[in-house]
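Analysis of the macromolecular model
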Amino acid sequence: VTAQAAPSRLPVALRMQILARMLLIQASWNYESMLGTGMGFCMEPALRRLPGGTGGDAYRDALARQSGYFNAHPYMAALAIGALARAELDREPTERIERFRGALCGPLGSIGDRLVWAGWLPFCSLVSLAAFGVGLGAYGVVILFLGLYNAGHIWLRVWGLNVGWERGLGVAAALGAPALRFAPPWIARAAALAGGIALPLSLDRVIGSGRVFLGGMLVAVTIGFVLILQLHGRVEGWRLAMIALAAFVLYSVAT
Amino acid sequence: VNPVDLLPLVLLGGILGLDVVSFPQAMLSRPLVGATLGGIVAGDPLSGLVMGATLELIALETLPVGASRYPEWGSASVAGGALLAFSGDSMAGSMVIAVLASLAIAWFGGWTMVTLRRLNGSLARRSADALERGSRSTLARLQFTGLGVDFLRAAALTLFALILFAPLQSILLALWEADARLSRAFVVGVAAAVALAAGWKLFRGTPGARWLFLGGLAASLLMVGAR
């Protein structure tokens, strides 16, 4: 089998294969290699284009290299997959690939965490909770949340793979793209606004006949909020919620 | 609960539990989705949705960041939505018990995910030689074994949760004395406090976010007051 040079644009069939595999990138996630085996698994279809094909030394060496330790945000890993696959097919020196691979972990992790976990996800949750608060039904809320969230999710994976492939080892500049630099604070602002709108509306819908206790509830919410902030880093809010609810159940069945 | 009714819930719990980390991380596992789907399968979409919204407020605090240990909301939400749908949203205490059960399941589910990650690590260690030789069959086997075991983990967790908490819920509801309105206000208040604290932690560092939050809050309170 002869070597196939890396095309400047990622072929559609190969792109679809890699994108489909990227949905499984964390399937064997573990504390030792983290995303490593998933990275190798996602990149494998591209590596088949190396000289000698799947039976060749170049393929085996590259697959082993790309299955080693790697840690990043699972969506942002797309950028690394595109860039590293391109570097392997361009037959960049091994040391350079390994150094580059190691250097990508930190930035791809922190950008993804800020952009997705601390921004896009809460924003989509809060918008959907606001929609619930104004009376949207079960199917509507689910479709709104999944549609909104996954529009961003899928875009990020596709963008990452394409940009990574196009730029190869020069992909670091893409990490400074305006969308990545300016999006997190704007998403945070939009989420804060959505949060302000969502809280009273959704609580009003859930509480129903409990509205007679509204005054007392607001005082209790304020006390709970301050308590959770005071305990920040020591006990998480959801654990405190579990303790409070367990105490309430005991009170309710024992009286 | 009829055992036949549990099968679709167990499968749904398995699939949504898989979404938390392994496949496809499309946030099908968020409580707003999971509990609503659980309610739909159990025959009461509205109860599922109400449960989902309440749990989502609490889940705002827990983000699925890499190696950290966090609650497994996928299976827990399906079970929680179904529990509320089984008992009926209108019964005093049903929501408190369903939310508490969901939190307990999510907590235990978090532990099962840590165990799975250790198992994945052990399997990868045993395959280290093959991986170093660049064996693609070993790589695929590791991925699909992790996927399969994760599905079984989440499905078993959902089954265990429903078998344990559905009868327990009936027993507790029979003994329930607290006022229905107070019970509901209490669980909503707890969820609101956690959500408020989560929002504060997430957005306080962003310039202007506090004012936008307060602006949204004021507009929303006016809308609620006008209802």
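Computed from a predicted model, the values in this text were never measured in an experiment.

**A few points about the nonpolar core**
Within the largest apolar cluster, 161 residues are counted, with the highest numbers of intra-cluster contacts made by M39(A), F70(A), I81(A), L108(A), Y149(A), V99(B) and L103(B). The element best represented in this core is helix α5 (residues 94-133) of chain A, accounting for 17 residues. Excluding its chain neighbours within four sequence positions, the residues that come into contact with L103(B) are W238(A), A241(A), M242(A), L245(A), I58(B) and W73(B).

**Some remarks on the side chain of T62(B)**
Here T62(B) is to be found in the loop between α3 (45-59) and α4 (73-87). Those residues in contact with T62(B) that lie beyond four places of it in its chain are W238(A), R30(B), P71(B) and W73(B).

**As for the pattern of salt bridges**
Inspection of the entire model under this criterion finds 13 salt bridges over all chains. Here E44(A) and R48(A) are joined by a salt bridge, their closest N and O atoms 2.7 Å apart. According to the relative accessible area criterion, E44(A) is buried, its value standing at 2%. The partner of R86(A) in a salt bridge is D90(A), with the nearest N and O atoms 3.2 Å apart. A residue is classified by how much of its surface remains accessible, and R86(A), at 14% relative accessible area, is buried. In this structure D90(A) comes out as partly exposed when scored by relative accessible area, which is 37%. Members of the salt-bridge network, linked through shared partners, are R21(A), E44(A), R48(A) and R136(B).

**Some thoughts on a nonpolar patch on the surface**
Residues and elements named next belong to chain B. Taken together, the side chains of F108, W111, F160 and L164 present a nonpolar region at the surface, about 400 Å² in accessible area. At the level of secondary structure, the elements contributing two or more residues to the nonpolar patch comprise α5 (94-126) and α7 (136-175). Following the sequence through the fold, F160 ends up in helix α7.

**Examining the interface of chain A and chain B**
Accessible area lost upon the coming together of the parts is a frequently used measure of interface size. With 94 residues of chain A at the contact, the number on the chain B side is 97 residues. For the pair chain A and chain B, the summed buried surface comes to about 8400 Å²; carbon and sulfur atoms form 75% of the total. Connecting chain A to chain B are 2 salt bridges. The residue R125(B) makes a salt bridge to E32(A) at a minimum N-O spacing of 2.6 Å. Taken together, the links from chain A to chain B amount to 20 residue pairs in polar contact (both at pLDDT 80 or more). Elements supplying a minimum of two residues to the side of chain A that touches chain B: α2 (36-47), α3 (57-66), α5, α6 (138-167), α7 (178-207), α8 (214-230) and α9 (237-254) of chain A. Here the element with the most residues in the side of chain A that touches chain B is α7(A); it accounts for 18 residues.

**Notes on the side chain of R15(A)**
Residue and element names in this part refer to chain A. On the secondary structure map, R15 appears in helix α1 (residues 12-22). Despite being buried, R15 has no salt bridge partner; E166 is the closest side chain of opposite charge, sitting 6.5 Å away. Not counting residues within four places of it along the chain, the set of residues in contact with R15 comprises R9, L10, L161 and N162.

**Digging into unusual backbone geometry**
Among all residues except glycine, the phi angle is most often negative; among peptide bonds, the trans geometry is most common. In this structure, P24(B) follows F23(B) across a cis peptide bond, with omega equal to -10°. When you line up the elements, P24(B) lands in the loop between α1 (3-20) and α2 (31-41). Phi is positive for M34(A), which is not a glycine, with a value near 50°. Topologically, M34(A) is positioned in the loop between α1 and α2. Residue R91(A) is not a glycine yet carries a positive backbone phi of 55°. Within the secondary structure layout, R91(A) lies in the loop between α4 (77-89) and α5.

Cut-offs used in this document
- Residues numbered from 1 in each chain as written.
- Chains lettered and ligands numbered in written order.
- Predicted model: local features only at pLDDT ≥ 70, side-chain atom pairs only at ≥ 80, totals over all residues.
- Heavy atoms only, no water.
- Core = buried A, V, L, I, M, F, W, Y, C linked by side-chain atoms within 4.5 Å.
- Buried < 20%, exposed > 50% of the residue type's maximum accessible area, 1.4 Å probe, protein only.
- Helix = DSSP H or I, 4+ residues; strand = E, 2+ residues; numbered from the N terminus.
- Contact = heavy atoms within 4.5 Å.
- Salt bridge = Lys/Arg side-chain N within 4 Å of Asp/Glu carboxyl O.
- Patch = residues over 30% accessible without salt bridge, like charges linked within 9 Å, V, L, I, M, F, W, Y side chains within 5 Å.
- Areas by Shrake-Rupley, 256 points an atom, 1.4 Å probe, with all protein chains shown as cover.
- Buried area = accessible area lost by both parts, 1.4 Å probe.
- Polar contact = N/O pair within 3.5 Å; in protein donor to acceptor, adjacent residues only side chain to side chain.
- Lys, Arg positive; Asp, Glu negative; His and termini not counted.

None of the figures reported here should be taken as evidence of function without further support.
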